[in-house]
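# Observations on the model geometry
Listed here are the chains, written in short residue letters.
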Amino acid sequence: MDPVVIPILVAAIVVVFLVASTVRIVPQARRYNVERFGRYRRTLQPGLNLVVPVADRINTKLDVREQVYSSDPRPVITEDNLVVNIDTVLYYQITDPRAAAYEVADYLQAIDQLTVTTLRNVIGSMDLEETLTSREEINSRLRAVLDDATGKWGIRVNRVEIKAIDPPHTIKEAMEKQMRAERDKRAAILHAEGERQAKILTAEGTKQKDILEAQGTQQAMILRADGEAKAVELVFQAVHRNNADPKILAYKYLETLPHLASSDNNTFWVIPGELTEAVRTVTRAFGDQSAAGPHTPSQPAETPTAGARGTSDEGRTPELDAGWTVSLDAAAAADEAGKQAAAAVSDAKAEAEAAKSPQTPRRGQTSGG
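Computed from a predicted structure; not experimentally measured.

As summarised here, the arrangement of the three strands in space is E3-E2-E5, forming an open sheet in which the pairing is antiparallel. Looking at strand neighbours, the two that pair on one side only are strand E3 (39-44) and strand E5 (56-63), the edges of this open sheet. Sheet twist, expressed as the mean angle between neighbouring strand axes with direction ignored, is 25 degrees. Relative to E5, strand E2 (residues 30-36) is paired through seven bridges, and the arrangement is antiparallel. When the sheet's bridge partners are listed, asparagine 33 is paired in E5 with threonine 60.

Once that is clear, we can look at unusual backbone geometry. The backbone of alanine 29 sits at a positive phi, close to 65 degrees, despite the residue not being glycine. In this structure, alanine 29 sits in the loop between strand E1 (23-26) and E2. Of note, the phi angle at valine 54 is positive, near 70 degrees, even though the residue is not glycine. Turning to its location among the elements, valine 54 is positioned in the loop between strand E4 (47-50) and E5.

As a further point, take the packing of helix H3 (residues 107-123) against helix H5 (residues 135-150). Close contact between H3 and H5 brings their axes to 10 Å; oriented N to C, the two are set at 140 degrees. Between H3 and H5, the angle falls in the class oblique. H5 is crossed by H3, and the crossing has right-handed handedness. Contacts between H3 and H5 pair Ile111, Leu114, Thr115, Thr118, Leu119, Val122 and Ile123 from the former with Ile138, Arg141, Leu142, Val145, Leu146, Ala149 and Thr150 from the latter.

Thresholds, definitions, all that
Per chain, residues are indexed from 1 in the order of the written sequence. pLDDT decides what is reported in this predicted model: residues at 70 or higher carry local features, side-chain atom pairs at 80 or more are listed and counted, and totals for whole chains, interfaces and linings draw on all residues regardless. The side-chain quantities take in all heavy atoms of the structure and omit both hydrogens and water. One requirement defines pairing of two strands: DSSP has to find at least two bridges between them. Going along the chain from the N terminus, every DSSP run of H or I of four or more residues is numbered as a helix, and every run of E of two or more is numbered as a strand. For every element, the axis is a line fit to its C-alpha atoms; helices are fit only across the contacting stretch, and the angle between N-to-C directions ranges from 0 to 180 degrees. For classification, angles of less than 35 degrees are called roughly parallel, those exceeding 145 degrees roughly antiparallel, those between 65 and 115 degrees roughly perpendicular, and all remaining angles oblique. Handedness of a crossing follows from how the near helix is turned relative to the far one, being left-handed for an anticlockwise turn of less than a right angle and right-handed for a clockwise one. In this analysis, two residues are considered to be in contact whenever any of their non-hydrogen atoms come within 4.5 Å of each other.

In structure tokens:
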């Protein structure tokens, strides 16, 4: 080999080494701290950077993106002397690579210890109930303390969150019992409230039902009374318009008597005193008709029917038999009165027919005279 070629090769290798040592490529979101002869020189930014070979050296490489750090559960004593285990989640970001590399030896360990001490100070002023319900307040106080302390380290704490709070097992059982009792209480209250509302609604419905039924009954009675009043008025007007004879009214009165005791609930029935007057009127009516015809010889009195005496030729009023008692029941008394009235009317009609036809034998006489 030519002696000239060897120095050229050595020189080329040295040049390549020097060029490689001079050029530094920094990725995005990374920062490199450069020291020159052991002293901080500058921080390389992302991209192509040139350094002095041999003199400059890269000391630390830092990631400036936001990072997450989760600490292990740490025991903390509350104000009411209960030990709870609390683990936190920390969100931080390096804002000054030089301070993060030279102001603190291990910034993660420093942040972790600061978080624990601050958390104990905050939780120590709260009881268990307040600790479980005041997470936002704890997070805010932790973030304020950590952000103030880590600012000189070139680190910004964005968020601090409590991931879990684990009380002792006995406290968990007591809390579960308390929550169960609270749920049972709410369930009982809701059940009682539901029953109360149901009873109120039922009472309101019953009230409305009674009111409507009473109103319906009232309207029905009013309509029934109006109908009866109109019927009586029509009958009254018809009677007065047609100028009804008292004889007809007496006859209709006799026809109505059997219906007075038609009900099954009647156990006692009194024969009205107007019965004799009505019978007398009917008898007199037919007696007047017989007086208008030819005179016939008086006939012997007929045999009384159903306890009632027959009418005489002179038109005497039939009277009730003295031996007839009112101890009969209502229906029998009504039938008996009807029979007497019917017998009286039949006798009166027979008398009238006999007066018109003298040849016709009267009821109660034999064919032989």
